Amino acid sequence: MKHKNRIGCLLLIAVSLLTGTVQAEPARPNIVLMMADDLGWGDVHCFNPKSPIKTPQLDAMAAAGLQFNRFYSSSPVCSPTRGSCLTGRHPFRYGIYFANKGHLKSEELTLAELLQNQGYATGHFGKWHLGTLTTEMKDANRGKPGNTKEFSPPWKNGFEVCFSTESKVPTWDPMLKPAKDHHNGWDFIEDKSTAVPYGTHYWNEKGEVVGDNLDGDDSRVIMDRAVPFIEKAAKDGKPFFTVIWFHAPHLPVVAGPEYAAMYSQYDTYKRNYYGCVTALDEQVGRLREALQQAGVAENTMLWFGSDNGALSPGKAPGSVGDFRGGKRSLYEGGVRVSGILEWPARVRAGTQTEFPAVTSDYLPTILDELKVEYTGQRPLDGISLLPVLAGTQTERAQPIGFESQGQLAWTTQQYKLYSKNAGKTWELYNLLSDPSEKNNLASAHPEQVAEMSKQLAAWRDSCGRSDQGGDY
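So, a few notes on the structure that sits alongside this text. (Residues numbered from 1 in each chain as written. Predicted model: local features only at pLDDT ≥ 70, side-chain atom pairs only at ≥ 80, totals over all residues. Heavy atoms only, no water.)

### Points about the pairing of strand 4 (residues 161-165)
Taking burial as the measure, the 5 residues of strand 4 include 4 buried ones, the bulk of the element. As defined by bridge partners, strand 3 (residues 121-127) adjoins strand 4 across 5 bridges and the pair is classed as parallel. If you follow histidine 124 over to strand 4, its bridge partner there is cysteine 162. (Buried < 20%, exposed > 50% of the residue type's maximum accessible area, 1.4 Å probe, protein only. Helix = DSSP H or I, 4+ residues; strand = E, 2+ residues; numbered from the N terminus. Pairing = 2+ DSSP bridges.)

Set out below in structure tokens:
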């Protein structure tokens, strides 16, 4: 019977070839996930025309693609958000509760691993912050001799090529700092003989410290590695998955002389913050040009976002626009970030959406496009955004859950339920009419609070079961 079926299939293929009815498989898209570090929603000019920061390349990227006006980081701090980008899951499912807490567990399925199985070249460039990168020397925040507990580098999580740091570095001359350290940042060091090592290293996929081409703008240093990786994959005719996680504008912020000069009217803190963002923006333009030159821009999903909102709005240079809160807060300013997708093959230029999307949506969207089934029998917190890109879905049916340091939030298309004390008291906001979260509706709509808090509790229970190893 199997033999007859095989003959029948061959005959069908032959007839199809003769009649011209066989359609070639559509080319698989290349995927690039770019992310800034602590970049506020209001820092990028296309989101906030009042921003003093020059971001012409990000503005051009948004104009050429889709601008998400309600794009969320899964957490108000960096490490948890990074995990969500790669797993499609909330970080409380696998123990990354805050920055420098936990690590990406080997049992988790990452986009890099899933796409590597589909024949993709995979590369990670920039900040990792999902585990330590060495067990043999002092490095960054947690790397030290004998510390194997938190060791989870990108090359152990599906990335074939790496140029990665465990955590933050200065945004200019990333391996150096002044002998007298300044927490927020400093003007670039003219006499490097007066500098001392910063204490964080770049590592490659072999677990080796990288020692060359580390001077100047850190975003350029990162892109110097990412661009050749993309060019090689394109030349080899191989689809690529490239993660580019910039350090800018996380503290310490340092801008090179050319970029600081653009903002000479401002104080030290602001001119270095603004300057390093403009330097990052320049590298976004460089990447877009490299994709064009390699002939792969048309079918590359090029994403941009931030890991959380701006640091200390009103006290630090970053802006959250008119939103409430900032980094470490689950108010909108802490988790609503600048989300952009450029993908000429599928996204019409100059479009915007109010659809609430989140970093956990990357994985299900990409797998949906590739028609690849998620192989893990475990809950995902993200959804596919392909219907949003196609214009067939305008409202999110599955709410977005948040939890961080006792704060809780449950966000739907219209409403947001928020608690600052693990559910002891509730605040309710209509984000469509009150995105700045000024008018607490909880007392006026107790039935809405009851229903949403019930849904949130069920989601937290699910996350708890995952965190206890129930998904493995």
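### Concerning the packing of aromatic side chains
According to the stated counting rule, one finds 21 aromatic pairs in the structure shown. On the numbers, 5.5 Å between centres and 65° between planes, the contact of phenylalanine 68 with phenylalanine 71 is edge-to-face. Accessibility classification places phenylalanine 68 together with phenylalanine 71 in one group, the buried group. Through a chain of ring-to-ring contacts, three or more aromatic side chains come together here, namely Phe68, Phe71, Trp303 and Tyr362. Directly above the aromatic system of tyrosine 331 lies the positively charged group of arginine 324, at a separation of 3.9 Å from the ring centroid. (Phe/Tyr/Trp six-rings, centres within 6.5 Å; stacked < 30°, edge-to-face > 60°. Lys NZ or Arg CZ within 6 Å of the ring centre and 35° of its normal.)

### Topic: the side chain of asparagine 308
Looking at where asparagine 308 falls in the secondary structure, it is placed in the loop between strand 9 (300-306) and helix 8 (332-335). Asparagine 308 gets classed as buried once you look at its relative accessible area, which sits at 0%.

### A look at the state of the cysteines
For the structure shown, the criterion picks out 0 disulfides. Cysteine 85 provides the cysteine sulfur closest to cysteine 78, a residue in no disulfide bond, and the two sulfurs are 11 Å apart. Its sulfur unpaired, cysteine 276 is 15 Å from the next cysteine sulfur, which belongs to cysteine 78. A relative accessible area of 1% means that cysteine 276 is categorised as buried. (Disulfide = S-S within 2.5 Å.)

### Observations regarding the packing of helix 5 (residues 218-235) against helix 7 (residues 268-293)
Their axes nearest at 10 Å, the elements helix 5 and helix 7 cross at an angle of 10°. Accordingly, the angle class assigned to the pair helix 5 and helix 7 is roughly parallel. Touching Ser219, Arg220, Met223, Asp224, Val227 and Ile230 of helix 5 are Ala279, Leu280, Gln283, Arg286, Leu287, Ala290 and Leu291, all from helix 7. Counted by class, the contact of helix 5 with helix 7 contains 8 nonpolar, 2 polar and 3 charged residues. (Axes fitted to C-alpha atoms, helices over the stretch in contact; angles between N-to-C directions. Parallel < 35°, antiparallel > 145°, perpendicular 65-115°, else oblique. Contact = heavy atoms within 4.5 Å. Nonpolar A, V, L, I, M, F, W, Y, C, P; charged D, E, K, R; others polar.)

That is the geometry; function is a separate question.
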